[in-house]
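Listed below are the residues making up each chain.
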Amino acid sequence: MTKATTLEKSPTSIMKSLKALLPLLFLSQTVISNSNSCKCLYGQSCWPSSDAFNALASKLSQPLIRPLPPASPCYSLIPEDAPVCSEAQANAHNGTWLSGVPGAYQNTNFEAYIFPNNTVSACYFNTTLGGTCGQGSVPPLGVDARSPEDIQAAVNFAREHNLKLVVKNTGHDYLGRSAARDAFMIWTHHMKSIDFHDDFAPEGAPDTEKHEAVTLGAGVQWSEAYAAAAAQNKYVVGGISDTGSVGAAGGWILGGGHSAFSGKFGLGVDNVLQFTLVNAKGEHVTANAHTNPTLFWALRGGGGGTFGITTTVTYRTHPIVPLTLALASVNFTSPDAAQRGITEYIHTHVTLSDKQWGGYSFLTNSTLFFGYFAPNVSLPDANATITPLFDVLKEVGEEGILTELIPVESFYALLNLQVPNPAGPQVGNKVELSSRFLSRDTALNRAEETARTLLSLDFVAINYVAGGAVLQVDPESAGLNPAWRNALAQVYIAENWQDGDSADTIHAAQQRLRDNTAILDRISTDSAAYLNEASLHEVDFKKAFWGPHYNRLKKIKNSVDPTGLFVVPRGVGSDDWDEELVCRV
Ligand SMILES: Cc1cc2nc3c(=O)[nH]c(=O)nc-3n(C[C@H](O)[C@H](O)[C@H](O)COP(=O)(O)OP(=O)(O)OC[C@H]3O[C@@H](n4cnc5c(N)ncnc54)[C@H](O)[C@@H]3O)c2cc1C
Ligand SMILES: *[C@@H]1O[C@H](CO)[C@@H](O)[C@H](O)[C@H]1NC(C)=O
Ligand SMILES: *[C@@H]1O[C@H](CO)[C@@H](O)[C@H](O)[C@H]1NC(C)=O
Ligand SMILES: *[C@@H]1O[C@H](CO)[C@@H](O)[C@H](O)[C@H]1NC(C)=O
Ligand SMILES: *[C@@H]1O[C@H](CO)[C@@H](O)[C@H](O)[C@H]1NC(C)=O
Ligand SMILES: *[C@@H]1O[C@H](CO)[C@@H](O)[C@H](O)[C@H]1NC(C)=O
Ligand SMILES: *[C@@H]1O[C@H](CO)[C@@H](O)[C@H](O)[C@H]1NC(C)=O
Ligand SMILES: *[C@@H]1O[C@H](CO)[C@@H](O)[C@H](O)[C@H]1NC(C)=O
């Protein structure tokens, strides 16, 4: 094989060249039978025969896929796999590349599986650790869906055979909701349609209702949606990450969907006009404010992988606006200085919210960094708003303090700006998060104690992605946690670990996350959190992720999916299943 062909190898070709490795990976499958109240897993006697899978394959536009962990080429004995391994290792922190591999997860801990005896099944990029390549929680078989019909065939097959089903788009989920050991996967990544409309009419809407809008296929990623919208001179509210590889029509929107522009234009769920989806019966249906409005309510914030599989999402589009970028990087001169600086910073969020700013920040016990956007705000106006905070930061910061205002032509120009990221690579890590909303009331009335709490934690990130327009929306208009409608920001903490770490080390990290969540909880009165950037270890996930909306969401869930085909960790209805989400409790 020449170097040139090696470089052109796509993630899909990795899958092909690795078929030979499959028997090695599955040597340790145990065969146990399953009872009716449990779902059927790969390796069990109930798992469909190859004839049954062939019958399914004949209905699909693509061959079935056999997802493997992305590092699997590094454990192959086939010489041709060596360069494929190098490519995988070179892209271990590349979100775009990872999203193109059906068996890859952006937070690589979700590829792993910890057995009850504390053995970790995983496949590490770091081969010097000396282990074998385990399939972990990567589903061993799946459908590379290209159309609603592909999804319908796969959903009907999974339901008829009682399979444990996983819906995977980009694999960004922070609770591992797009992974499950021995499950059957529906992969939506290749559903890439993008259609703009000048006069979009939701199905069933009165003739007078028309919108400027864009309809995105389930697999479209934010980088792709933004590029297409920029070419149309339009803006669509979306997620922001270093490679833009978060999905624009999957878990992001179903969980709520925040943006640095949410203060200006609302959350993702405030911008959806219509979904099309395949439901648990295998029907392809529409949900909007006029057609299936109850389902539409639940889909906006009820969470991914729970109510059906979206095939398209239609969003309002907005005009492109110029903005002012405000940057600050501060080393505090002392703990007292940090307390004063962070108190002022928290308090300032109230003003920034009223002016529809948004952005991202990180703080430790002695540093603060932020990059905030003021959409459609001129530099002099932005300066007038931020100067009081900058002045305080200059008093409490060391010599090298950075405070800067930069006029930017549009959001799209911003994407090309190199803004320093003090937090390191965003993906390819082993990480779990926990989060709480920072409410407007807290920022206004309890800034000082909030600052003290945040400074007592090692590392805190604040996604300043609510406030402004988000607070103007009726909290009852969507299934989303109503706590969003009093939130200015979402505050999160993290715990990391490394390739090869033992189950004990991982469990210790998870315990630290629980302990720190109890500390972080002091900033809130309702323990509310954003379900897409949250912890698997909440004391009460129903309250944290949905508050008073949980019971209504669960009723809707039970009516549209009575058999529990779509169940994800800490999702609506997951409380009816065991920890593995395999057997009903
Ligand atoms: C680096 C990074 C940056 C992020 N930035 C943001 C951000 O700016 N704003 C924000 O709000 N969040 C952000 N998130 C969180 C993000 O919203 C979640 O990770 C979300 O789950 C991603 O959805 P996905 O479809 O891309 O990922 P996946 O992991 O593939 O899927 C997530 C969940 O949605 C389900 N799902 C996927 N597709 C469908 C479908 N078509 N129908 C039904 N269910 C489906 C899956 O089953 C799973 O439960 C970020 C996460 C990361 C890792
Ligand atoms: C990340 O992966 C994508 C898709 O394979 C590729 O186009 C891009 O060049 C990669 N980025 C880097 C920095 O290597
Ligand atoms: C732990 O359990 C797994 C799955 O049952 C088994 O394959 C493995 O051999 C066990 N490991 C040890 C050390 O007992
Ligand atoms: C791989 O693991 C070895 C052994 O723990 C460690 O020394 C090395 O730094 C790791 N390499 C990388 C790139 O993480
Ligand atoms: C700040 O955090 C660092 C690293 O976690 C720690 O060593 C230090 O003692 C902390 N300082 C204060 C004043 O709490
Ligand atoms: C941006 O500001 C201009 C001038 O103040 C105003 O006319 C326009 O409506 C604003 N656009 C948006 C989307 O807010
Ligand atoms: C911001 O305002 C302050 C005080 O009014 C002024 O000194 C400063 O020059 C302004 N900065 C910019 C970038 O306009
Ligand atoms: C903060 O301190 C670090 C480490 O001493 C230094 O590298 C950095 O430049 C400082 N940054 C600012 C903004 O003062």
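As annotated in an unreviewed UniProt entry, the protein chain carries the name FAD-binding PCMH-type domain-containing protein and comes from Ephemerocybe angulata. Turning to the protein chain, the UniProt record has this under Sequence similarities (unreviewed entry): "Belongs to the oxygen-dependent FAD-linked oxidoreductase family."

Right, let's get into the overall build of the protein chain. Secondary structure summary: the protein chain contains 19 helices and 20 strands in total. For a compact globule of 585 residues, the expected C-alpha radius of gyration is about 25 Å, and the protein chain comes in at 24 Å, within 12% of that figure. Considered along the principal axes of its C-alpha atoms, the protein chain spans approximately 70 × 65 × 50 Å. Expressed as a percentage of its 585 residues, the buried residues of the protein chain come to 60%. The contacts of the protein chain with a sequence gap of at least 6 include a subset with a gap of at least 24, amounting to 75%. For the protein chain, the accessible surface area stands at approximately 22500 Å², while carbon and sulfur atoms represent 51% of it. Charge separation in the protein chain, taken as the distance between the mean sites of 40 positive and 56 negative side-chain charges, equals 5 Å.

As summarised here, the arrangement of the four strands in space is S1-S4-S6-S5, forming an open sheet in which the pairing is mixed. If you trace the sheet from one side to the other, it starts and ends with strand S1 (64–65) and strand S5 (165–168), each paired once. Here strand S4 (residues 141–144) runs beside strand S6 (residues 184–187); their pairing, made up of four bridges, is parallel. Directly across from Asp-144, in S6, lies its bridge partner Trp-187. Across the sheet, helix H7 (residues 148–160) is in contact with S4, S5 and S6; its angle to S6 comes to roughly 165°.

Applying the stated criterion across every chain yields a total of 21 salt bridges. For the salt bridge of Asp-575 with Lys-542, the shortest nitrogen-to-oxygen distance reads 3.0 Å. Of this pair, Asp-575 sits in the segment after helix H19 (550–560) while Lys-542 sits in helix H18 (residues 541–546), placing them 33 residues apart in sequence. Residue classification places Asp-575 among the partly exposed residues on the basis of a relative accessible area of 23%. Among the residues examined, Lys-542 registers a relative accessible area of 28% and is labelled partly exposed. Through salt bridges with shared partners, a single network forms among Lys-542, Lys-554, Asp-575 and Asp-576.

To continue, consider the site of ligand 8. Close to ligand 8 lie Ser-329, Asn-331, Gly-400 and Ile-401, which account for all nearby residues. Residue Asn-331 places a side-chain N or O atom 2.3 Å away from an oxygen atom belonging to ligand 8. The fraction of the free accessible surface of ligand 8 (360 Å²) that becomes covered by protein chains is 38%. Tallied by class, the residues present in the shell around ligand 8 amount to one nonpolar, three polar and no charged.

As annotated by UniProt and renumbered to match this structure, "domain: FAD-binding PCMH-type" (unreviewed entry) occupies residues 135–320. The span residues 135–320 is 21% helical and 27% strand by assignment, and the distance between its end C-alpha atoms comes to 45 Å.

Before going further, it helps to examine the site of ligand 7. Taken together, Leu-379, Asn-383 and Thr-387 make up the full set of residues adjacent to ligand 7. At 2.2 Å, a side-chain N or O of Asn-383 approaches an oxygen atom of ligand 7. Protein chains shield 29% of the accessible area of ligand 7, which is 360 Å² for the free molecule.

For the rest of this paragraph, the subject is the nonpolar core. By size, the foremost hydrophobic cluster in this structure holds 80 residues, and its most contacted members are Ile-253, Tyr-315 and Phe-545. If one sorts the elements of this core by residue count, helix H11 (residues 293–299) sits on top with five residues. Filtering out sequence-adjacent residues up to four positions away, Ile-253 remains in contact with Ala-248, Gly-268, Val-269, Val-272, Phe-275, Leu-299, Gly-301, Val-313 and Tyr-315. Residues Val-377, Leu-488, Val-491 and Leu-520 belong to the second largest nonpolar core, which totals 43 residues.

Attention now goes to the packing of helix H12 (residues 335–354) against helix H16 (residues 447–455). Remark: H12 packs on H16, axes separated minimally by 8 Å, with the N-to-C direction vectors making an angle of 120°. In terms of axis orientation, H12 runs oblique to H16. Considering the relative orientation of H12 and H16, their crossing is right-handed. Residue-level contacts link Ala-338, Gln-339, Ile-342, Thr-343, Ile-346 and His-347 of H12 to Ala-447, Glu-448, Thr-450, Ala-451, Arg-452, Leu-454 and Leu-455 of H16. Considered class by class, the residues forming the contact of H12 with H16 number seven nonpolar, four polar and two charged.

It is worth spelling out the packing of aromatic side chains at this point. For the structure on display, the rule yields 33 aromatic pairs. Considering the side-chain rings of Trp-222 and Trp-252, the 4.9 Å spacing of their centres and the 75° angle between planes classify their relative orientation as edge-to-face. Taken as a pair, Trp-222 in helix H8 (residues 222–231) and Trp-252 in helix H9 (residues 251–255) lie far apart in primary sequence, 30 residues in all. When its relative accessible area of 0% is taken as the criterion, Trp-222 is described as buried. Taking the centre distance of 5.1 Å and the plane angle of 75° together, the rings of Phe-261 and Phe-411 count as edge-to-face. Of this pair, Phe-261 sits in the loop between H9 and helix H10 (262–265) while Phe-411 sits in helix H14 (residues 411–415), placing them 150 residues apart in sequence.

About the cut-offs
- Residues numbered from 1 in each chain as written.
- Chains lettered and ligands numbered in written order.
- Predicted model: local features only at pLDDT ≥ 70, side-chain atom pairs only at ≥ 80, totals over all residues.
- Heavy atoms only, no water.
- UniProt positions renumbered as here; feature names shortened; annotations may be inferred.
- Helix = DSSP H or I, 4+ residues; strand = E, 2+ residues; numbered from the N terminus.
- Rg over C-alpha atoms; globule rule 2.2 N^0.38 Å.
- Buried < 20%, exposed > 50% of the residue type's maximum accessible area, 1.4 Å probe, protein only.
- Contact = heavy atoms within 4.5 Å.
- Areas by Shrake-Rupley, 256 points an atom, 1.4 Å probe, with all protein chains shown as cover.
- Lys, Arg positive; Asp, Glu negative; His and termini not counted.
- Charge placed at Lys NZ, Arg CZ, Asp CG, Glu CD.
- Pairing = 2+ DSSP bridges.
- Axes fitted to C-alpha atoms, helices over the stretch in contact; angles between N-to-C directions.
- Salt bridge = Lys/Arg side-chain N within 4 Å of Asp/Glu carboxyl O.
- Near = heavy atom within 4 Å.
- Polar contact = N/O pair within 3.5 Å; in protein donor to acceptor, adjacent residues only side chain to side chain.
- Nonpolar A, V, L, I, M, F, W, Y, C, P; charged D, E, K, R; others polar.
- Core = buried A, V, L, I, M, F, W, Y, C linked by side-chain atoms within 4.5 Å.
- Parallel < 35°, antiparallel > 145°, perpendicular 65-115°, else oblique.
- Left-handed = near helix turned anticlockwise from the far one by under 90°.
- Phe/Tyr/Trp six-rings, centres within 6.5 Å; stacked < 30°, edge-to-face > 60°.

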